[in-house]
Amino acid sequence: MRPIVSEAELGGDWEVAAPDSNRVPGAMMGGFLERFGAGAPMRVCARPEVTVVIQFGDAPLRVTAGGEQRQLGGVVAGLAPMPQQVTADRIECLEIRLSPLSTRTLLGAAPSELRGEVVDLDAVWGREATLLREQLSETSTWAARFTILTTFLAHREPVGAADPEVAACWNRIVATGGRVQVQELAEWTGWSRQRLWSRFTAQTGVAPKQAAKIVRFRRALDRLAAGQSVADVAAICGYADQPHLHREIVAFAGTTPRTLTH
């Protein structure tokens, strides 16, 4: 999994923390504190992980989409949520990025329940989400917060594991940067295309072809953010041309490549 962003990437207005080791297989954790309370917006868009944000400060998260705004203490975003914006008067949060293969075990919810949505964390974890936020807010160090979160995740009630064939297909999609055909995956597993589509969608939240597009999109976005040209990124990541890359970024992020990288 790609590491949580660094303080250097975000800029000097942020404090960023990470645990001293990867404590939970299939999950990446990070801590974020906005030092000056400027209320910087964060864009939610497609990525090849399920993202959980737990806000433990006094300011609730404001989630805006389609002209409507919700105030939440935490959110869960599936692999392909509608592009949305999250703000708060001051961000103080822990973020977890989960492989979709780990979501049923660590989140205690099926990824298919999150498709196209940014879900209220309370709807997933209920009263436990409130108690977790209270524990985190009463703790003064990042190390202690990561310990609390690790313990919490270890006691989640799993809702079943992914099929080995689904896990193998997901890992194949990630390893190829999204440049793999669904028919190739079906032949690889020995399943029919219909069975692969059905099982994969139920266990990751997206169809195999959509998963490949998301993985390719994030690979392209990382390269664009690193300063590579749109033409080079389109060619390297397997897009037909620059307009194809432009359309995919608009579809998954709700904005243009230039806006995302500036």
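Note: the structure precedes this text.
Notes on the structure in this doc start here. (Residues numbered from 1 in each chain as written. Predicted model: local features only at pLDDT ≥ 70, side-chain atom pairs only at ≥ 80, totals over all residues. Heavy atoms only, no water.)

### Overview of the overall build of the protein
Within the protein one finds 12 helices and 10 strands. Taking 18 Å as the expected radius of gyration for a compact globule of 262 residues, we find that the protein reaches 18 Å, a close match to that expectation. By the burial criterion, 49% of the 262 residues in the protein qualify as buried. Counting only contacts in the protein whose residues sit at least 6 apart along the sequence, the fraction spanning at least 24 positions is 70%. Carbon and sulfur atoms form 50% of the exposed surface of the protein, whose accessible area is close to 12300 Å². The averaged location of the 28 negative side-chain charges in the protein is 7 Å from the averaged location of its 28 positive side-chain charges. (Helix = DSSP H or I, 4+ residues; strand = E, 2+ residues; numbered from the N terminus. Rg over C-alpha atoms; globule rule 2.2 N^0.38 Å. Buried < 20%, exposed > 50% of the residue type's maximum accessible area, 1.4 Å probe, protein only. Contact = heavy atoms within 4.5 Å. Areas by Shrake-Rupley, 256 points an atom, 1.4 Å probe, with all protein chains shown as cover. Lys, Arg positive; Asp, Glu negative; His and termini not counted. Charge placed at Lys NZ, Arg CZ, Asp CG, Glu CD.)

### Overview of the nonpolar core
Counting 61 residues, the largest nonpolar core has Val52, Ile54, Ile96, Leu107, Trp125 and Phe217 as the members making the most contacts within it. When residues no more than four places from it in sequence are discounted, the contact partners of isoleucine 54 are Gly73, Gly74, Glu92, Cys93, Leu94, Ile96, Leu121, Trp125, Leu132, Arg133, Leu136 and Leu149. Of all hydrophobic cores here, the second largest spans 16 residues; its members include Val44, Val53, Leu61 and Val86. (Core = buried A, V, L, I, M, F, W, Y, C linked by side-chain atoms within 4.5 Å.)

### A short note on the pairing of strand 2 (residues 27–34)
In terms of burial, strand 2 is largely enclosed, as 8 of its 8 residues are buried. Alternating residues of strand 2 divide into Ala27, Met29, Gly31 and Leu33 and Met28, Gly30, Phe32 and Glu34, and every residue in both groups is buried. Sheet topology note: the strand 1 (residues 14–17)/strand 2 ladder contains 4 bridges and is antiparallel. For alanine 17, the partnering residue across the bridge sits in strand 2 and is glycine 31. Here strand 2 pairs with strand 9 (residues 92–98) via 7 bridges, running antiparallel. Along strand 9, the bridge assignment pairs alanine 27 with leucine 98. (Pairing = 2+ DSSP bridges.)

### Comments concerning the pattern of salt bridges
One pass over the structure, following the stated rule, counts 9 salt bridges. Here arginine 47 ties to glutamate 49 by a salt bridge, and the two come within 2.5 Å at their closest N and O atoms. Accessibility expressed as a relative area gives 11% for arginine 47, which makes it buried. For glutamate 49, a relative accessible area of 4% gives the class buried. Its salt-bridge partner being aspartate 122, residue arginine 133 comes within 3.1 Å of it at the nearest N-O pair. One end of the pair, arginine 133, is in helix 4 (residues 127–137); the other, aspartate 122, is in helix 3 (residues 121–125), with 11 residues separating them in the sequence. (Salt bridge = Lys/Arg side-chain N within 4 Å of Asp/Glu carboxyl O.)

### Points about the state of the cysteines
If you walk through the whole model with that rule in mind, you get 0 disulfides. Of the cysteine sulfurs around cysteine 93, a residue in no disulfide, the closest is that of cysteine 45, at 16 Å. Cysteine 93 gets classed as buried once you look at its relative accessible area, which sits at 2%. (Disulfide = S-S within 2.5 Å.)

### As for the sheet that holds strand 5 (residues 61–65)
Think of a sheet as strands paired side by side through backbone hydrogen bonds, with each pair either parallel or antiparallel. If you walk across this open sheet you meet the 4 strands as 3-8-5-6, and the pairing is antiparallel. One side of each edge strand has no neighbouring strand; the edge strands of this open sheet are strand 3 (42–44) and strand 6 (68–72). With direction set aside, neighbouring strand axes in the sheet form an average angle of 25 degrees. In the sheet, strand 5 pairs with strand 6 via 5 bridges, with the strands oriented antiparallel. Bridge pairing in strand 6 links threonine 64 to glutamine 69. (Axes fitted to C-alpha atoms, helices over the stretch in contact; angles between N-to-C directions.)

### Quick word on the packing of aromatic side chains
Using the criterion set out here, one finds 4 aromatic pairs in the structure. Ring geometry for phenylalanine 217 against phenylalanine 252: centres 5.3 Å apart, planes inclined by 40 degrees, an arrangement best described as tilted. Residue phenylalanine 217 is located in helix 9 (residues 208–225), and its partner phenylalanine 252 is located in helix 11 (residues 242–253); the two are separated by 35 residues in the primary sequence. Accessibility assignment for this pair places phenylalanine 217 and phenylalanine 252 in one class, buried. An aromatic cluster is present here, built from Phe56, Trp142 and Phe146 joined pairwise through their rings. Over the ring of tryptophan 142 we find arginine 145, and its NZ or CZ is 4.7 Å from the ring centre. (Phe/Tyr/Trp six-rings, centres within 6.5 Å; stacked < 30°, edge-to-face > 60°. Lys NZ or Arg CZ within 6 Å of the ring centre and 35° of its normal.)

### Things to note about the pairing of strand 9
Within a regular strand, the side chains alternate between the two sheet faces. For strand 9, the buried fraction is high: 7 of the 7 residues fall into the buried class. Here strand 9 shows two buried faces, one formed by Glu92, Leu94, Ile96 and Leu98 and the other by Cys93, Glu95 and Arg97. In this sheet, strand 9 lies alongside strand 4 (residues 50–55) in antiparallel orientation, the contact comprising 6 bridges. Counted as the bridge partner of valine 50 is leucine 98 from strand 9.

### A closer look at helix 11
Along its 12 residues, helix 11 runs 16 Å from first to last C-alpha, staying within 8% of the 16 Å computed at 1.5 Å per residue. Along helix 11, the residues classified as buried are His244, Leu245, Glu248, Ile249, Phe252 and Ala253. Viewed along the axis of helix 11, the buried residues span an arc of 135 degrees, placing them on a single side of the element. Two residues or fewer after helix 11 comes glycine 254, characterised by a positive phi angle close to 75 degrees. (Expected span 1.5 Å × (residues − 1). Arc of directions from axis to C-beta.)

Any functional reading would require information that these geometric values do not contain.
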